[in-house]
Amino acid sequence: MSDSIPVLTIDGPSGAGKGTVSRIAAARLGWHYLDSGALYRAVGVAASWANLDISDPAALVRCTFDTAVVFKEDAKGDLRVWVNGSDATDELRLETTGAVASAIAAFPEVRSALKERQRAFRQAPGLVADGRDMGTVIFADAPYKVFLTASAEERAERRYNQLKDKGVSVTIDGLLREILARDARDAQRTVAPLRPAEDAVLIDTTGLNIDQVVERVLALVKT
Ligand code: DC
């Protein structure tokens, strides 16, 4: 039964380091990896490709069921995300896509349309699931739950450095404003708001490097 397959949930606000920590933790454990934010982002880009009204939950639900999302490693071992047959990885990472994802994720209908698709990732020998409601809703019975945080200023700085490396021109102040707005929207929505599960272990990653966070997370998992 899939309920007996272990899941490590890693939730938290954007920029707390969930993606990197989750991917490394999954590789170290030899477990599968679910980037649930990529599913919300994929529905967001599919909706914009189809010129849908993103304030119409019925249209978004149809789009959610119609959108094929495939996670594939490229030759370098990097995870690419294909949406309806096109490699949409770069578009998925845009701040504008994140904002659309956050807006559509506020609809309970969209969240419930994605529920089973997320649960299907629970496959042997285990799953690391990264998102906002992995430990509170999607895998509420998971034996291992982590909630990663970091100050908004540090998250803005990390994002700034990532984008600078890619040659994208942004300001720290602008990023900080976007991060605070997205945090507020994700925390205030009525369905599955961003909050730690009662049984989650809180890790504040401010001032920690990725390796230190990965070690703390893996120390929780008994294999
Ligand atoms: O983790 P991310 O930045 O890729 O997520 C993009 C948006 O999707 C985020 O602002 C909120 C939403 N999201 C969500 O509501 N629930 C999840 N489990 C994952 C993401």
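Residues numbered from 1 in each chain as written. Predicted model: local features only at pLDDT ≥ 70, side-chain atom pairs only at ≥ 80, totals over all residues. Heavy atoms only, no water.

Where an unreviewed UniProt entry is consulted, the protein appears under the name Cytidylate kinase, with the organism given as Pseudoxanthomonas sacheonensis. Comment text from UniProt for the protein, heading Sequence similarities (unreviewed entry), reads "Belongs to the cytidylate kinase family. Type 1 subfamily." UniProt, in the comment section headed Subcellular location (unreviewed entry), describes the protein in these words: "Cytoplasm". (UniProt positions renumbered as here; feature names shortened; annotations may be inferred.)

Undergrad: In this structure, what is going on with the nonpolar core? I would like to understand it.
TA: Most often, soluble globular proteins have nonpolar side chains that are buried together. Counting 28 residues, the largest nonpolar core has L34, A129 and F139 as the members making the most contacts within it. Contributions of two or more residues to this core are made by α2 (36-49), α3 (57-66), β4 (79-83), α5 (95-104), α6 (108-119), β6 (127-131) and α7 (134-138). Among the elements that make up this core, the one with the highest residue count is α2 (seven residues). If we ignore the near neighbours within four places in the chain, the residues touching F139 are V7, T9, L34, Q118, R119, R122, L127, A129, M134 and K145. The next biggest cluster of nonpolar side chains, apart from the first, holds 20 residues, and it includes I10, A26, V146 and I203. (Core = buried A, V, L, I, M, F, W, Y, C linked by side-chain atoms within 4.5 Å. Buried < 20%, exposed > 50% of the residue type's maximum accessible area, 1.4 Å probe, protein only. Helix = DSSP H or I, 4+ residues; strand = E, 2+ residues; numbered from the N terminus. Contact = heavy atoms within 4.5 Å.)

Undergrad: Honestly, the site of the ligand in this entry has me stumped. Any pointers?
TA: In the vicinity of the ligand there are 16 residues, among which R41, R111, R132, D133 and R189 approach most closely. S36 places a polar side-chain atom, nitrogen or oxygen, 3.0 Å from a nitrogen atom of the ligand. R111 has a polar side-chain atom sitting 2.8 Å from an oxygen atom of the ligand. A total of 450 Å² of accessible area belongs to the ligand in isolation, and the protein chains cover 94% of it. Elements represented by at least two residues in the shell around the ligand include exactly α2, α5 and α9 (172-188). A total of four residues in the shell around the ligand trace back to one element, the largest contributor, which is α2. Looking at the shell around the ligand residue by residue, the classes come out as four nonpolar, four polar and eight charged. (Near = heavy atom within 4 Å. Polar contact = N/O pair within 3.5 Å; in protein donor to acceptor, adjacent residues only side chain to side chain. Areas by Shrake-Rupley, 256 points an atom, 1.4 Å probe, with all protein chains shown as cover. Nonpolar A, V, L, I, M, F, W, Y, C, P; charged D, E, K, R; others polar.)

Undergrad: Before we go on, may I ask you to explain the pattern of salt bridges in this structure?
TA: Opposite charge on two side chains lets them pair, provided their charged atoms get close. Applying the stated rule across the entire model yields 14 salt bridges. A salt bridge links R80 to D87; the shortest N-O distance between them is 3.0 Å. Take D87: its relative accessible area is 33%, and that puts it in the partly exposed class. One salt bridge in this structure joins R80 and D90, with 3.8 Å as the shortest N-O distance. In this pair, R80 sits in strand β4 while D90 sits in helix α4 (residues 89-92), placing the two residues 10 residues apart along the sequence. A cluster of three or more residues bridged by salt bridges with shared partners is formed by R80, D87, D90 and R93. (Salt bridge = Lys/Arg side-chain N within 4 Å of Asp/Glu carboxyl O.)

Undergrad: When you look at the packing of aromatic side chains in this model, what are you seeing that I'm missing?
TA: Given two aromatic rings, their pairing is described by the distance between the two centres and the angle made by the two planes. Evaluation of the coordinates by the stated rule reveals one aromatic pair. Look at F71 and F121: their rings are 5.9 Å apart centre to centre, the planes differ by 80 degrees, and that puts the pair in the edge-to-face class. Placement of F71 in strand β3 (residues 69-73) and of F121 in the loop between α6 and β6 is noted, with a sequence separation of 50 residues between them. Taking the relative accessible area as the measure of exposure, F71 reaches 21% and is therefore partly exposed. The exposure class assigned to F121 is partly exposed, which follows from its relative accessible area of 21%. Seen from the ring of W82, K72 lies directly overhead, with NZ or CZ sitting 4.3 Å from the centre. (Phe/Tyr/Trp six-rings, centres within 6.5 Å; stacked < 30°, edge-to-face > 60°. Lys NZ or Arg CZ within 6 Å of the ring centre and 35° of its normal.)

Undergrad: Explain the pairing of β3 here, please?
TA: Regular strands place side chains that alternate from one sheet face to the opposite one. When β3 meets β4, the two strands line up antiparallel, connected through five bridges. For K72, the partnering residue across the bridge sits in β4 and is R80. Between β3 and β4, which pair antiparallel and follow one another directly, the connecting turn spans five residues, one of which, G77, has a positive phi of 90 degrees. (Pairing = 2+ DSSP bridges.)

Undergrad: Even after reading the chapter, I still don't get the UniProt feature "domain: Cytidylate kinase" (unreviewed entry) in the protein, so can you show me in this structure?
TA: The residues that UniProt annotates with the feature "domain: Cytidylate kinase" (unreviewed entry) are residues 9-222. Between the C-alpha atoms that bound residues 9-222 there is a distance of 14 Å. The span itself is 50% helix and 16% strand.

Undergrad: Can you help me understand the sheet that holds strand β1 (residues 7-11) in this one?
TA: Strand pairs in the sheet, formed through backbone hydrogen bonds, run parallel or antiparallel to each other. What the five strands build is an open sheet, ordered β2-β6-β1-β7-β8; its pairing is parallel. Every interior strand has two partners, whereas the edge strands, β2 (32-35) and β8 (201-204), have only one. On average, each strand axis in the sheet is tilted by 20 degrees relative to the strand beside it, whichever way the strands run. Pairing analysis gives four bridges linking strand β7 (residues 144-149) to β8, with the strands arranged parallel. From the neighbouring strand, L148 faces β8, where its bridge partner is I203. Most of the contacts of helix α1 (residues 18-29) go to β6, to which it runs at about 175 degrees, and overall it touches β1, β2, β6 and β7. (Axes fitted to C-alpha atoms, helices over the stretch in contact; angles between N-to-C directions.)

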